[in-house]
Amino acid sequence: MVTVRLKPVEEIVKSLKPYRKVFVIGCQLGSGRCKNGGLREAFKVAGYLELHGFKISGVKSPGGTCILERLDSSDRSLIKEAESSSDAILSLACGAGTQLIAENVSIPVVTGVNTLFIGVERERKYFDEYCIACGECVISETGGICPVARCPKSLVNGPCGGAIAGKCEVDPSIPCIWYRIENRLRELCSLETLKKRVPLKDYRASVYPRRLVLED
Ligand code: SF4
Ligand code: SF4
């Protein structure tokens, strides 16, 4: 899931300063799951904005914002409603969803979140980064654990040697992911895999912007 963090309200207010009527759009996919940009947060932010003198012309969510083109006309029509009733739209969707809204309206679109990373949800209260979408997945060779995203040095052929008591030398609050990989491969009786050299990553596979084309 793409994770986001709500920007400080002062920053949102500053970005919206040139406008008076604001329509707030939340996203129920990543932003909503993170509790940082769903409909609930959209109403909360709208309340703050009203206290700062803005007129709120609406607070809605089309459900998934980055799949706008797939939504039925009633969900999509809220974008047009926002455009016709407001000076600006405040979007709490991730960077992708917010850009898609901006492509579909002729008024300014301001983001209320910082888009963070692709992560997994833990205990319903925090998210860990698990993937940086490198475009060349190596986890079949590393016990299903990603050393690209989960090792701060993105080392794909074993640890740097700096770990202390199994903790990462860059960030001692996290385990050295290579310990996890070794343990996992041991559990799977696949330690031999560690002798295979993973080809150095070809970062041309992650040159932006990328495109995925669906086959018929
Ligand atoms: S190897 Fe690349 S694609 Fe696979 S999980 Fe890690 S970052 Fe994501
Ligand atoms: S200690 Fe482990 S996780 Fe940390 S940078 Fe070195 S190899 Fe990567």
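In this numbering scheme, every chain counts its residues from 1 along its sequence in written order. Here the convention is simple: chains get letters from A, ligands get numbers from 1, in the order in which they are written. Owing to the predicted nature of the model, reporting of local features is limited to residues with pLDDT of at least 70; listing and counting of side-chain atom pairs is limited to 80 or more, with chain, interface and lining totals taken over all residues. Remark: hydrogens and water are excluded; side-chain values derive from all non-hydrogen atoms of the structure.

The protein goes by Methylene-tetrahydrofolate reductase-like protein in an unreviewed UniProt entry, where it is assigned to Thermovibrio guaymasensis.

A.B. asks: Just checking my understanding: could you explain the overall build of the protein for this structure?
C.D. replies: What counts as a helix is a DSSP run of H or I of at least four residues, what counts as a strand is a run of E of at least two, and both are numbered from the N terminus. When helices and strands are counted, the protein shows 7 helices and 7 strands. Each helix and strand of the protein, ordered N terminal to C terminal, gives the series β-α-β-α-α-β-α-β-α-β-β-β-α-α. By the compact-globule yardstick of 17 Å for 216 residues, the protein is too spread out, its C-alpha radius of gyration being 21 Å. Referenced to the eigenvectors of the C-alpha coordinate spread, the extents of the protein come out at roughly 65 × 45 × 30 Å. Under the scheme applied here, a residue whose accessible area is under 20% of the maximum for its type counts as buried, over 50% as exposed, and between as partly exposed, the area being computed with a 1.4 Å probe on protein chains only. For the protein, with 216 residues in total, the buried portion stands at 38%. Expressed as a percentage of contacts within the protein between residues at least 6 apart in sequence, the contacts between residues at least 24 apart total 59%. Note on areas: Shrake-Rupley with a 1.4 Å probe; residue coverage comes only from the protein chains shown. Of the roughly 13,100 Å² of accessible surface on the protein, 53% is carried by carbon and sulfur atoms. Radius of gyration: C-alpha atoms only; globule rule: 2.2 Å multiplied by the number of residues to the exponent 0.38. Here, two residues are considered to be in contact whenever any of their heavy atoms come within 4.5 Å of each other.

A.B. asks: How should helix H5 (residues 95-103) be read in this particular structure?
C.D. replies: It helps to recall that an α-helix has 3.6 residues per turn; residues three or four apart then point in one direction. Gly97, Thr98, Leu100 and Ile101 are the residues of H5 that are buried. Within H5, the buried residues cover an arc of 160° as seen down the axis, which keeps them to one side. Facing away from the buried side of H5 by over 90 degrees, the exposed positions are Gln99 and Glu103. Taking the helix axis as origin, the arc is that swept by the directions to the C-beta atoms.

A.B. asks: Even after reading the chapter, I still don't get the site of ligand 2, so can you show me in this structure?
C.D. replies: Around ligand 2 sit 13 residues in total, of which Cys151, Cys160, Cys168, Glu169 and Cys176 are the nearest. In this analysis, the protein atoms alone were mapped onto a 1 Å grid. Cavities are point sets where a 1.4 Å probe fits without being able to get out; pockets are open sets with protein on both sides within 12 Å along at least five of seven lines; lining residues have an atom within 4 Å of a point. What decides whether a molecule sits in a cavity or pocket is whether more than half of its atoms lie within 2 Å of the grid points. Here ligand 2 occupies the largest cavity. Think of it this way: one heavy atom of a residue within 4 Å of a molecule or strand is enough to make that residue near it.

A.B. asks: Can you help me understand the domain arrangement of the protein in this one?
C.D. replies: For interface size, the figure often reported is the accessible area lost on association. Marked domain ranges trace back to an automatic or database domain assignment. Assigned domains within the protein: domain 1 (2-116) and domain 2 (136-201). Of note, the centres of domain 1 and domain 2, computed from C-alpha atoms alone, are 39 Å apart.

A.B. asks: It is not clear to me how the site of ligand 1 should be interpreted in this structure. Could you clarify?
C.D. replies: Residues in contact with ligand 1, as listed here, are Cys131, Ile132, Ala133, Cys134, Cys137, Val138, Cys146 and Val148. Here the shell around ligand 1 is built from residues that sort into 8 nonpolar, no polar and no charged. Three categories are distinguished: nonpolar for Ala, Val, Leu, Ile, Met, Phe, Trp, Tyr, Cys and Pro, charged for Asp, Glu, Lys and Arg, and polar for the others, with Gly belonging to the last.

A.B. asks: Can you help me understand the side chain of Lys201 in this one?
C.D. replies: For Lys201, the location among the structural elements is in the segment after helix H7 (177-187). The residues contacting Lys201, other than those within four sequence positions of it, are Cys134, Glu136, Val138, Val148 and Val156.

A.B. asks: Mind showing me how you'd approach the pattern of salt bridges here?
C.D. replies: Where charged atoms of side chains with opposite charge meet at close range, the side chains can pair. Salt bridge, as applied in this entry: a Lys or Arg side-chain nitrogen positioned within 4 Å of an Asp or Glu carboxyl oxygen. In the structure shown here, the tally under the stated rule is 13 salt bridges. With a shortest N-O distance of 3.3 Å, Lys80 and Glu83 are connected by a salt bridge. Placement of the pair is Lys80 and Glu83 together in helix H4 (residues 73-85), with a separation of 3 residues, close to one helical turn. For Lys80, a relative accessible area of 44% gives the class partly exposed. For Lys153, the salt bridge goes to Glu169, with nearest N and O atoms at 2.4 Å. Here Glu169 lies in the loop between helix H6 (147-150) and H7 and Lys153 lies in the loop between H6 and H7, a separation of 16 residues in the sequence.

A.B. asks: Could you clarify how one ought to interpret the layout of surface pockets in this entry?
C.D. replies: Empty space left among the atoms is revealed by rolling a probe the size of a water molecule over them. As a volume, the largest pocket reaches approximately 490 Å³. What lines the largest pocket is a set of 20 residues, among which Val2, Ala96, Thr115, Ile118 and Ala133 lie closest to the centre. Secondary structure elements with two or more residues in the lining of the largest pocket: helix H2 (30-33), H5, strand E6 (113-122) and strand E7 (126-131). For the lining of the largest pocket, the element with the highest residue contribution is E6, accounting for 4 residues. Residues that form the lining of the largest pocket fall into these classes: 14 nonpolar, 4 polar and 2 charged. Grid points are joined across faces, edges and corners, and a volume is the space filled by probe spheres set on the points.

A.B. asks: Honestly, helix H3 (residues 39-51) in this entry has me stumped. Any pointers?
C.D. replies: Each residue after the first adds 1.5 Å to the expected span of a helix. Between its first and last C-alpha, H3 extends 19 Å over 13 residues, near the 18 Å set by a 1.5 Å rise per residue. Those residues of H3 lying buried are Glu41, Ala42, Val45, Ala46 and Leu49. All buried residues of H3 fall inside an arc of 140° around its axis, so they share one side. Of the exposed residues in H3, the ones pointing more than 90 degrees away from its buried face are Arg40, Lys44 and Leu51. On its buried face, H3 is in contact with strand E1 (2-6), helix H1 (9-16), strand E2 (21-25), strand E3 (55-60) and strand E4 (88-91). Positioned one or two residues after H3, Gly53 has a phi angle of 95°, which is positive.

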